[in-house]
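An overview of the molecular structure
One-letter residues, chain by chain:
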There are 2 protein chains.
Amino acid sequence: MMVGMTNPLLRDQDLDFLLYDVLDVLSLTRFPYFSGHDRELFELVLTSARRLAREVLFPVYKAMNESPPRFVDGRILVHPAMKALYPELNALGMQSATRPEEVGGQQLPLTISTVASAYLMAANLSAYGYIGLASGAAHLLETFASESLRQTYMKPIYEGRWLGTMALTEPQAGSSLADVATLATPCADGSYRLVGSKIFISAGDHDLTENIVHMTLARISGAPAGIKGVSLFCVPKRRSENGQLVDNDVTVTGMIHKIGWKGLPSLALSFGDRGDCHGFLVGEPHRGLSYMFQMMNEARIMVGVNGVATASVAYHESLEYARNRPQGRPVSAKDPSQKQVPIIAHSDVRRMLIRQKAIVDGGLALVARTALFADIAHHSQDAAEREHAGLLLELLTPVAKSFPAERGFESNALALQIHGGYGYSSEYLPESWLRDQKLNSLHEGTTGIQGLDLLGRKVVAAGGAALRALRQEIDSACAQARSCGVDERWPQALSSAMSEVEGLTLELASKGLGGNVEEMLLHSSDYLELFGILVVAWMHLCLSAAATKKTAGSSDEEAFLRGKILTAEYWLATELPRLHMLAALCRSGEDSYARIRSEEL
Amino acid sequence: MMVGMTNPLLRDQDLDFLLYDVLDVLSLTRFPYFSGHDRELFELVLTSARRLAREVLFPVYKAMNESPPRFVDGRILVHPAMKALYPELNALGMQSATRPEEVGGQQLPLTISTVASAYLMAANLSAYGYIGLASGAAHLLETFASESLRQTYMKPIYEGRWLGTMALTEPQAGSSLADVATLATPCADGSYRLVGSKIFISAGDHDLTENIVHMTLARISGAPAGIKGVSLFCVPKRRSENGQLVDNDVTVTGMIHKIGWKGLPSLALSFGDRGDCHGFLVGEPHRGLSYMFQMMNEARIMVGVNGVATASVAYHESLEYARNRPQGRPVSAKDPSQKQVPIIAHSDVRRMLIRQKAIVDGGLALVARTALFADIAHHSQDAAEREHAGLLLELLTPVAKSFPAERGFESNALALQIHGGYGYSSEYLPESWLRDQKLNSLHEGTTGIQGLDLLGRKVVAAGGAALRALRQEIDSACAQARSCGVDERWPQALSSAMSEVEGLTLELASKGLGGNVEEMLLHSSDYLELFGILVVAWMHLCLSAAATKKTAGSSDEEAFLRGKILTAEYWLATELPRLHMLAALCRSGEDSYARIRSEEL
């Protein structure tokens, strides 16, 4: 079998159904910001992304994977295939797709750019990574920087001439941004001189563009300790002086040998080795982390899309393999004189497939719906609608980030498992996607940090307002499902799962209010997991309702819709009981790992 | 931090406690076969294995990992470090350690050789792989071959002069050994000429020894279809003719690019390209699979040990990292002017550590106890005792094989996660162990096959005799725990989990007896998972009881014992509820993946 040749990355039918039948994405065009759009324009974007993903990005994934960028004479040289595809990728204009027309953007809904980017990520995570990072950097400048900085450093990124990065992490301060130590000393000209070291900077150097803009966290000399003393700087690789680009004293000090995302270099950078690294303050001093966090939702949703895309491409690969690989015979008909059956005929193989499908379909619906809430929160003209969507955006972000990372890793492992011994070989792609996926539980806040964010902040903020907003959504999904004729067991089960989460949250929050924050947060990882089960069950109920409602126009479509209904049933029946079990565990007071001491481990 | 320099691989204290306090391995010396042994001799074996593992095998693991064997001019050349260490590894005598003195063995209990091999595997899976495979090949010859074959081909392996392999898998017949197609044509001299292709043959060629003996499944011309026509042959790389070794027409046709176990080549072999491949029938015609399966328990326990060992070395690496890596501050005391704390101070990190410890401790106890049942089943003089142990050996084997593979993979992923961004780099070892671990769910029968074996054969054989034997063991463990003063909740919880499994098994078996085998086996993977939870809970109750009973001689030992008790509590409290949830799922009739059709996926 030719590897990967027929892999659709994501199935167009899934996306169409999700966007138009489930999410009603066209309703966004009622907002002035999106009023220039219609389905035809959305389709144009998606078609271009699909074509590029399938015809250009995916065919070079394996080659880029096998030959990572090289670190030569202080510079990073990317794979020739990356250099070759970059102009086409750049021409898609994903950097500024969602941005306003006045900065050169297309005012596209985040929902649409999210699903379009999913194709690009499924094809070649690393290739798209350059664009995704640059987009985030430019968006920070657009939102918080002075007009002059925007003209000089944002514009070339949105125009596709330069790229950019996020330079947050330092060797001594990985997840703990409060401990950032890069020092910024003010100068007479209003700029700063930076000195410090950063690590794990993706796309921190390359030979794709003439300049790279590093959005950098640093501490102005004399600033208070902790997060309240961290500022945001624009630190270009080459700064603009009198219309010329001159070297800005940013040095590559090392390349990390990452185990996945092989096409995207992860670097250690040093700022100011010669004392000549100019940084330009973005916004006000000491507010760097709060600016970063305003961009964090989008960045975290994008990590979620990485996760879903990586699970999706592997799912489709294993589905094709299972349909074509003959092996063994049914447990009830083992006559060896008969031909072997394709392994998809074995129900345990179908279990591994439906589980992947449930994770991919549910995860995709989750990231797309979270993006939809972002579109509504940012562009609705109705304040109440904006607030409602904003609450849900905040609430769902840690789940949209971590569910695809964690369950996607499980899903990728199943895709490998279906390939049997061949799955253990690097001739086949599933092992590579498994490695790619592992990053998603680590970057942009580890899974543990997402759990603390969800339970410690999101569900308790504003007296639980976000959880009440979720209850509204789930009630309305249940009503919708009932009216479509979905089996009553499922809205019933979802609703009672929501009640379980409400009760549990109240119980845990009251521990925190009583001053016992450690105990409140003890099971934050279990809480994150059960919350993920809940919201993905909600997604599956919506998918099932839309599928039940829809009239099939062909036998292909009938199979497609029945697949949605059965997959939803699988998730609701197998995962909601786990939610209740985890909730009981959070309540149980089980605290062995709180009590165990370092020397007892 | 120096990577891996202080890693103990496994902790000696854990092993001593397991062997002498929990399993009472010395009681085996009451059997004549083991009567020449005592604790001092066991310790001699363990000390030699530990020393070799720590001082010789582990220091070259990374180097062997980075430069796999090379395929040059039709031959496989291993890493120079492997050639250098081989004589020392060979000198340990693990090939024949458990075998009788009359074949040159040491009559060591399998329990002792199992834990000794765990050190070697934790240090360097690939290096030990050569020995483990050879041992299995020789053991097959010892048990089933003629005296002349034993003299010619078994003896040199047990003497450490040659190595051996298992040549089962063929490209068109991976897990389906009924479809083996390698053809054996009888010749006048009583031997056979073999023609066929094998794939995934570990250590199928190398330059470590002058000869390699392939224990090969093939079909004698005219044999019936299916497993009843498969015979076992001894097929040397070089055959003995008139006291000379001559080439036996076994060709290396390709090397698989495995993603782990990098030091051990996995090969495609071709037999009889020139029509001159002599095979020697082992035992009777057409009984090859039944012979293989008599060796399968041991091979599968060894896969379990691989899994535990790989989880163990990664656990210790992440424990050391967590104790030394400063990052962040407690959730209840975030003063940034205070120093960062080591990440082990964060309870979510301790959760990831205790979970690994529970999997490693529980898995190690499981494989060691399964080996103990093998020792009793093979060497007790009491028929009833042999039968009881034999039933448990059969029952526990699929669990001892799959639990470490599946939960070990989870454990290895947690070790990587604890390392944060560094865990995603190949400069650190956790990612490498994660790749190594993945093989264990695939070779020697995939996890899916273990589930079918457990539910379709083991628990229902002889009217459920094995399950009754397990009930006896669990009752006795509960009584022991109570008498030691273990909290009454835990024996209570274990006993009711056992009742749950008994009831569920009866229910599923009656479906099978009623003719509905497909439905009986539908949830075989869930059943395997819940059964694993049960037996590992039993292991933890035994560990907890022994720890509660023991008087600590020092504060170190007190911490050690308290760690055992808390880890057991963690497993029982968090995993037994999952067992009940999975049992309910098996009973529920949830059959979405049975109903979903290929075109609906």
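Reading the values: the criteria
Residues numbered from 1 in each chain as written. Chains lettered and ligands numbered in written order. Predicted model: local features only at pLDDT ≥ 70, side-chain atom pairs only at ≥ 80, totals over all residues. Least-squares fit on C-alpha atoms with pLDDT ≥ 70 in both. Contact = placed C-beta atoms within 7 Å. Helix = DSSP H or I, 4+ residues; strand = E, 2+ residues; numbered from the N terminus. Nonpolar A, V, L, I, M, F, W, Y, C, P; charged D, E, K, R; others polar. Buried ≥ 20, exposed ≤ 12 C-beta atoms within 10 Å, placed from the backbone. Pairing = 2+ DSSP bridges. Axes fitted to C-alpha atoms, helices over the stretch in contact; angles between N-to-C directions. Parallel < 35°, antiparallel > 145°, perpendicular 65-115°, else oblique. Domains from an automatic or database assignment.

As a further point, take the relation of the copies chain B and chain A. Overlay of chain B on chain A (RMSD 0.0 Å): rotation 180 degrees, translation along the axis 0.0 Å. Given the turn and translation reported, the copies of this chain are related as if by a two-fold rotation axis. Counting the interface residues of chain B, we find that 100% of their copies in chain A are interface residues as well, pointing to one common contact surface.

Tallying the contact residues gives 78 residues for chain B and 79 residues for chain A. Looking at the side of chain B that touches chain A, the element that brings in the most residues is helix α17 (residues 555-587) of chain B, giving 13 residues. Split into classes, the residues belonging to the side of chain B that touches chain A amount to 32 nonpolar, 28 polar and 18 charged.

Another point: the pairing of strand β6 (residues 212-220) of chain A. All names here are of chain A. With nine of nine residues buried, β6 is to be regarded as a mostly interior element. Side-chain alternation along β6 places Ile212, His214, Thr216, Ala218 and Ile220 on one buried face and Val213, Met215, Leu217 and Arg219 on a second face that is also buried. In terms of strand pairing, strand β3 (residues 163-167) meets β6 through five bridges, oriented parallel. Across the sheet, Met166 pairs through a bridge with Met215, a residue of β6. Two elements, strand β4 (residues 183-186) and β6, share two bridges in a ladder whose sense is parallel. Paired with Ala184 across the strands is Ile220, a residue of β6.

This brings us to the environment of A:Thr216. Residues and elements named next belong to chain A. By secondary structure assignment, the location of Thr216 is in strand β6. A sequence separation of 20 residues divides Thr216 from Pro236, and the C-alpha atoms of the two residues are 9.6 Å apart. Setting aside residues no more than four positions away along its own chain, Thr216 makes contact with Ala167, Thr182, Leu194, Phe233, Val235 and Gly279.

Right, let's talk about the packing of helix α1 (residues 12-22) of chain A against helix α16 (residues 524-549) of chain A for a bit. All names here are of chain A. Running from N to C, α1 and α16 point in directions that differ by 85 degrees, and their axes come no closer than 10 Å. By the criterion of interaxial angle, the relationship of α1 to α16 is roughly perpendicular. On the side of α1, the interface is formed by Phe17, Asp21 and Val22, while α16 contributes Cys542, Leu543 and Ala546. Its residues placed into classes, the contact of α1 with α16 shows five nonpolar, no polar and one charged.

What follows covers unusual backbone geometry. Of note in this structure, B:Asp73 is not a glycine but carries a positive phi near 50 degrees. Within the element layout of this structure, B:Asp73 appears in the loop between β1 (70-72) and β2 (75-77).

Let us look at the domain arrangement of chain A. Residue and element names in this part refer to chain A. Each assigned domain of chain A is listed here: domain 1 (12-142), domain 2 (162-286) and domain 3 (453-591). Using C-alpha coordinates to define each centre, domain 1 is positioned 25 Å away from domain 2. Taken together, the contacts link 27 residues of domain 1 with 23 residues of domain 2. For the side of domain 1 that touches domain 2, the secondary-structure elements that each account for two or more residues are α3 (61-66), β2 (75-77), α4 (80-91) and α5 (110-144). Taken together, the residues of the side of domain 1 that touches domain 2 sort by class into 18 nonpolar, seven polar and two charged.

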